[in-house]
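Understanding the architecture of this molecule
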Amino acid sequence: MRAIVIDDERLARKELITLLNQLETVEVVGEAVNVDDAKEKIEQLQPDVLFLDIQMPEKTGFDLLEELDHVPHVIFTTAYDEYALKAFQVNALDYLLKPIEPKRLEEAINRLIGKIEGAAKNQENGGYQNNKKLTLDDQVFVKDGDRCWFVRLSNVRLFESDGNYIKVYFDNFKPMIHKSLNALDDRLDEKSFFRASRKHIINLGWVEAIEPWFNGGLVVTLRGGDRIEVSRRQAARFKEMMSL
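A brief report on the enclosed structure follows. Numbers given to residues run from 1 along each chain, matching the order in which its sequence is written. pLDDT decides what is reported in this predicted model: residues at 70 or higher carry local features, side-chain atom pairs at 80 or more are listed and counted, and totals for whole chains, interfaces and linings draw on all residues regardless. The basis for the side-chain values is all heavy atoms of the structure; hydrogens and waters are excluded.

Now for the overall build of the protein chain. Numbering goes from the N terminus for both helices and strands, where a helix is a DSSP run of H or I of at least four residues and a strand is a run of E of at least two. Looking only at helices and strands, one finds seven helices and 15 strands in the protein chain. Within the protein chain, the proportion of its 244 residues that are buried is 43%. Considering only residue pairs separated by 6 or more positions, the protein chain has 47% of its internal contacts joining residues 24 or more positions apart. With residues, only the protein chains shown are counted as cover, and all accessible areas are computed by Shrake-Rupley using a 1.4 Å probe. Per element, the accessible surface of the protein chain, about 14,500 Å² overall, is 47% carbon and sulfur. The rule is simple: take the accessible area with a 1.4 Å probe, protein chains only, and divide by the maximum for that residue type; under 20% is buried, over 50% is exposed, in between is partly exposed. Contacts are assigned to residue pairs that have any heavy atoms within 4.5 Å of one another.

Okay, structure coming up:
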């Protein structure tokens, strides 16, 4: 993949290019120091992906994206995490905080490869868009008030419906997102996540204990102590999924 690194700090560009040069899947074809320089390089070099700093003199990385006719894949690189929401809104593929860790960079590149391969398969199938399910390896953006997180789904143990919102349980946090549990259930991989009841979706990898409950239902205990009722209607399916 052909990449351009865009950052006003020479040292930051050099460090990132050094990391990228260690990966066989990426070829750095150019670098740019500001938005105007980047526009020229993008038009000339036609990259597959931009590694784009956000805060630059005069114009930001977001300004660049607004000025481009055709936007390549974008991976933001920044020292500030408060831009995560806006990065997500412009469909950035990933959001890397400086100093960039080699492992996180590799994860971002692998995600990009997966996206490109998926698009190629869709083209082979006549442009059919496959609604890919979210798996444990996927990361999701969660915002609650002024706080935001980029969370790997393997770390989310429970989703709980609360009116028109969903509580997302991970670590010691329980932020709320404006979404219905039904809509979320349609997006999640059923091999990893189970709709326990009208109110709960559980991560099967977090199940620690199962015990019988009233009226043919079950109670599931998750690592960390959360106890969730599995409705009678779902109990038979749950037993089938969790047995050999």
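Attention shifts here to the pattern of salt bridges. Just to be clear on terms, a salt bridge is a Lys or Arg side-chain nitrogen sitting within 4 Å of an Asp or Glu carboxyl oxygen. A complete count under the given rule lists 14 salt bridges for this structure. With its nearest N and O atoms 3.0 Å apart, the salt bridge here joins Arg-227 to Glu-211. Of the two residues, Arg-227 is situated in strand β15 (residues 227-230) and Glu-211 in strand β13 (residues 207-212); the sequence distance between them amounts to 16 residues. Exposure remark for Arg-227: the relative accessible area of 46% places this residue in the partly exposed category. Salt bridges sharing common partners tie together Asp-94, Arg-104, Glu-107, Arg-111 and Arg-152.

Looking now at the sheet that holds strand β14 (residues 218-222). Spatial ordering of the open sheet is given by β13-β14-β15, a layout of three strands whose pairing is antiparallel. In this open sheet, the two edge strands, each paired with only one partner strand, are β13 and β15. Direction aside, neighbouring strands of the sheet carry axes that sit 25° apart on average. Whether two strands pair depends on DSSP finding at least two bridges between them. Judged from the five bridges that link them, β13 and β14 form a sheet pairing that is antiparallel. Residue pairing across strands places Pro-212 opposite Leu-218, the latter belonging to β14. In this description, a line fitted to the C-alpha atoms serves as the axis of each element, helices being fitted only across the stretch in contact, and the angle between N-to-C directions of two axes falls anywhere from 0 to 180 degrees.

Here a pair means two rings of Phe, Tyr or Trp (six-membered ring of Trp) with centres within 6.5 Å. Their orientation is stacked below 30 degrees between planes, edge-to-face above 60, and tilted elsewhere. Tallied over the full model, the rule gives four aromatic pairs. Ring geometry for Phe-159 against Phe-193: centres 6.0 Å apart, planes inclined by 55°, an arrangement best described as tilted. With Phe-159 in strand β8 (residues 156-162) and Phe-193 in strand β11 (residues 193-195), this residue pair connects regions lying 34 residues apart in the sequence. Over a ring means this: the NZ of a Lys or the CZ of an Arg is within 6 Å of the ring centre and within 35 degrees of the ring normal. Looking at Arg-223, its charged tip hangs above the ring of Trp-206, at a distance of 4.1 Å from the centre.

The sheet built from five strands is open, its strands ordered β2-β1-β3-β4-β5 with parallel pairing. The outermost strands of the open sheet, each flanked by one partner alone, are β2 (27-32) and β5 (94-97). Mean inter-strand twist for the sheet, computed between neighbouring axes without regard to direction, equals 20°. Of the pairings in the sheet, the one linking strand β1 (residues 2-6) to strand β3 (residues 49-53) comprises four bridges and is parallel in character. For Val-5, the partnering residue across the bridge sits in β3 and is Phe-51.

Let's shift gears to unusual backbone geometry. Following Lys-98, the chain continues to Pro-99 via a peptide bond in cis, the omega torsion being -5°. With respect to the helices and strands, the residue Pro-99 is situated in the loop between β5 and α5 (102-124). Positive phi, close to 50°, is recorded for Gln-46, a residue that is not glycine. Position of Gln-46 relative to the elements: it lies in the loop between α2 (35-45) and β3. Residue classification places Gln-46 among the exposed positions, given a relative accessible area of 53%. Non-glycine residue Glu-58 carries a positive phi angle of around 70°.

Grouped together as the largest cluster of nonpolar side chains are 19 residues, with contacts concentrated most on Ile-6, Ile-42, Leu-50, Leu-52, Leu-64 and Phe-76. Elements with a minimum of two residues in this core: β1, α2, β3, α3 (61-67) and β4 (73-78). Take this core: its biggest share by element is four residues, from α2. Apart from residues lying up to four places away in sequence, Ile-6 is in contact with Ala-32, Asn-34, Ala-38, Ile-42, Leu-50, Phe-51, Leu-52, Asp-53, Met-56 and Leu-64. By convention a nonpolar core is built from buried Ala, Val, Leu, Ile, Met, Phe, Trp, Tyr and Cys residues, the set being connected through side-chain atoms within 4.5 Å.

Interpretation in functional terms is not warranted from these geometric data alone.
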